[in-house]
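# Working through the structure, step by step
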Amino acid sequence: MKPLAVLLAAAISLPLPALASRALPSWSAYHGDRETALSWRAIAEQRTADAVEHAERATALAPSSSGAWHALARAQIAAGSWEGAADAVAALRRLAPDDVQALELMGRVAVELGRRDDAVDAFTALDGLQHDLAGPRVGLALVAARLDGDVPAAIAHLRMARERDAGLDLSGLLLRPHWKPLSDDAELIRALTELLQSE
């Protein structure tokens with residue numbers, strides 16, 4: 001028997017699992033992952049329209065992929081489409097209700113839409129999952145400052161955030177995107193300055 005024929009006969013006689021140790025992903029899952037990756041690349045390159053388009057295709061191809069919905073939420077935020085971001089975050093939370101990134105996104109999007117209760121719910125749930133981290137308290141401070149106009153409550157949350165993370169830098173807080181609308185709030189600037197100088 002010729003060597004090639006021997007190899008072919010051996011290959012044909014192998015049991016199926018030996019030929020493929022795992023199943024290939026479905027066509028839609030593969031292309032959904034590809035579109036998700038293209039969306040993240042477009043976000044990084046600040047091509048927001050392309051990012052949204054890729055992410056929308058990803059969610060259509062792989063509607064059960066939390067990664068695809070996360071990309072769509074981020075793309076919508078980059079595009080300034082807060083309602084679209086809220087829809088994507090809601091879909092992401094249905095797939096991963098305790099996902100910390102989903103909760104953070106939900107809180108920040110809710111602040112931009114003026115949905116106080118949703119924002120408080122999101123940051124409070126996040127605080128329950130990350131009770132030793134500063135981020136949830138900074139989020140609750142954002143709600144207090146922007147949606148309640150309650151500077152003392154905001155400062156109290158920021159103080160607790162600093163207690164959790166002594167290295168937390170709040171000096172550029174009012175330059176952050178979600179805080180920028182407060183950058184000319186004299187009461188908040190004064191209170192934040194006092195907080196920074198006291199520690």
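Just so we're clear, the structure is a prediction, and the values are computed from it rather than from any experiment.

### Examining the overall build of the chain
When helices and strands are tallied, the chain shows 11 helices and zero strands. Scored against the burial criterion, the 199 residues of the chain give a buried share of 37%. Partitioning the intrachain contacts of the chain with sequence separation of at least 6 by distance along the chain shows that 51% fall at a separation of at least 24. In the structure as shown, the chain presents an accessible area of about 11300 Å², 56% of it carried by carbon and sulfur atoms.

### Some words on unusual backbone geometry
Of note, the phi angle at Gln 46 is positive, near 60 degrees, even though the residue is not glycine. Its place among the elements puts Gln 46 in the loop between helix H3 (27-44) and helix H4 (48-61).

### With respect to the environment of Leu 182
With respect to the helices, strands and loops of the structure, Leu 182 is situated in the loop between helix H10 (151-164) and helix H11 (186-197). Between the C-alpha atoms of Leu 182 and Leu 142, which are 40 residues apart in sequence, the distance is 9.6 Å. Leave out the neighbours within four places in its chain, and Leu 182 touches Ala 145, Arg 146, Leu 174 and Leu 188.

### Overview of the packing of helix H9 (residues 135-148) against H10
Closest axis-to-axis distance for the H9/H10 pair is 8 Å, and the angle between their directions is 170 degrees. Judged by the inter-axis angle, H9 sits roughly antiparallel to H10. Residues Arg 137, Val 138, Leu 140, Ala 141, Ala 144 and Ala 145 of H9 pack against Ala 153, Ala 154, His 157, Leu 158, Met 160, Ala 161 and Arg 164 of H10. Residue composition of the contact of H9 with H10, by class: 10 nonpolar, one polar and two charged.

### Considering helix H7 (residues 100-113)
Since one α-helical turn is 3.6 residues long, residues separated by three or four positions face the same way. Between its first and last C-alpha, H7 extends 20 Å over 14 residues, near the 20 Å set by a 1.5 Å rise per residue. Where H7 starts, the residue carrying a side-chain oxygen 3.0 Å from the main-chain nitrogen of Gln 101 turns out to be Asp 99.

### A short note on H9
Taking 1.5 Å of rise per residue, 14 residues should cover 20 Å, and H9 covers 19 Å from first to last C-alpha, within 8% of that figure. Among the 14 residues of H9, 10 are classified as buried, and the element is accordingly described as predominantly covered. Those residues of H9 that fall on the buried side of the exposure criterion are Pro 136, Arg 137, Val 138, Gly 139, Leu 140, Ala 141, Leu 142, Val 143, Ala 144 and Ala 145.

### Overview of the side chain of His 157
Relative to the elements of secondary structure, His 157 occurs in helix H10. Note on His 157: relative accessible area 19%, which makes it buried. Apart from residues no more than four positions distant in its own chain, His 157 is found in contact with Arg 137, Leu 140, Ala 141 and Ala 144.

### So, the pattern of salt bridges
For the structure shown, the criterion picks out 13 salt bridges. The closest approach of N and O atoms between Arg 34 and Glu 35, which form a salt bridge, is 3.8 Å. Of the residues examined, Arg 34 reaches a relative accessible area of 42% and is grouped as partly exposed. A residue is classified by how much of its surface remains accessible, and Glu 35, at 9% relative accessible area, is buried.

### Topic: the nonpolar core
If you look at the biggest cluster of nonpolar residues, it comprises 29 residues, and the most contacted ones within it are Val 138, Leu 158, Leu 173, Trp 179 and Leu 188. Going through the elements one at a time, H7, helix H8 (116-129), H9, H10 and H11 are the ones with two or more residues in this core. It is H9 that provides the largest number of residues to this core, a total of seven residues. Ala 51, Ala 71, Ala 75 and Ala 102 belong to the second-largest nonpolar core, a separate cluster that totals 17 residues.

About the thresholds
- Residues numbered from 1 in each chain as written.
- Predicted model: local features only at pLDDT ≥ 70, side-chain atom pairs only at ≥ 80, totals over all residues.
- Heavy atoms only, no water.
- Helix = DSSP H or I, 4+ residues; strand = E, 2+ residues; numbered from the N terminus.
- Buried < 20%, exposed > 50% of the residue type's maximum accessible area, 1.4 Å probe, protein only.
- Contact = heavy atoms within 4.5 Å.
- Areas by Shrake-Rupley, 256 points an atom, 1.4 Å probe, with all protein chains shown as cover.
- Axes fitted to C-alpha atoms, helices over the stretch in contact; angles between N-to-C directions.
- Parallel < 35°, antiparallel > 145°, perpendicular 65-115°, else oblique.
- Nonpolar A, V, L, I, M, F, W, Y, C, P; charged D, E, K, R; others polar.
- Expected span 1.5 Å × (residues − 1).
- Polar contact = N/O pair within 3.5 Å; in protein donor to acceptor, adjacent residues only side chain to side chain.
- Salt bridge = Lys/Arg side-chain N within 4 Å of Asp/Glu carboxyl O.
- Core = buried A, V, L, I, M, F, W, Y, C linked by side-chain atoms within 4.5 Å.

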